[in-house]
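Architecture and fold: a report
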Amino acid sequence: MIVAPPKRPDRSEDNILPLINIVFLLLIFFMLAGSLNTRPPFAVSPPETANARDAQPQPATLFVAADGRLAFGSESIHVDDLPDVLAQRDKTQPLQVKADTALPARELTRLLSDLRAVGVPEVRLLTVHTP
């Protein structure tokens, strides 16, 4: 005599558990992906330019605020510590300078001269492209 196997009760909880796992993993992924972007230590709005190539962000970026404060990467530095900090960077990459648009040109020129004196061979000034 052939006996049919007993029917499993149809439970909707069995179908929703993998969905909860996937949603949880997606939540963790987007939380991590959203926090990977590093922010500058203070607000800097670079000047605009009409003709420029797109600059790829490099880890060696020197930020200059309108009041002359400096930051290298994500750490604020003093102008006297600039030679020591720049000596530790990768010398094969050019140094990118992101200066605030309100920074006087005289101060920016002085900073660029100081960078040349320290031995930085190539400096790229980051600007905002306006069509």
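Now for a look at the structure at hand. Sequence order as written defines residue numbering, which begins from 1 separately in each chain. A pLDDT threshold of at least 70 governs which residues receive local features in this predicted model, and a stricter bar of 80 or more applies before side-chain atom pairs are shown or counted, although totals over entire chains, interfaces and linings include all residues. In computing side-chain values, all of the structure's heavy atoms are included and hydrogens and water are not.

1. Here's the deal with the pattern of salt bridges
The cut-off we apply is this: For this analysis, a salt bridge means a side-chain nitrogen from Lys or Arg found within 4 Å of a carboxyl oxygen belonging to Asp or Glu. Note on exposure labels: buried denotes an accessible area under 20% of the residue type's maximum, exposed denotes more than 50%, and partly exposed covers the range between, all computed with a 1.4 Å probe on protein chains only. Secondary structure counts use DSSP, requiring at least four H or I residues in a row for a helix and at least two E residues in a row for a strand, with both numbered from the N terminus.
Counted by the stated rule, this structure contains 3 salt bridges. With a closest N to O distance of 3.1 Å, Arg 69 and Asp 67 form a salt bridge. A relative accessible area of 55% means that Asp 67 is categorised as exposed. With a closest N to O distance of 3.0 Å, Arg 110 and Glu 107 form a salt bridge. Of this pair, Arg 110 and Glu 107 both sit in helix α3 (residues 105–118), 3 residues apart, which is roughly one turn of the helix. With relative accessibility at 43%, the residue Arg 110 sits in the partly exposed group. Among the residues examined, Glu 107 registers a relative accessible area of 36% and is labelled partly exposed.

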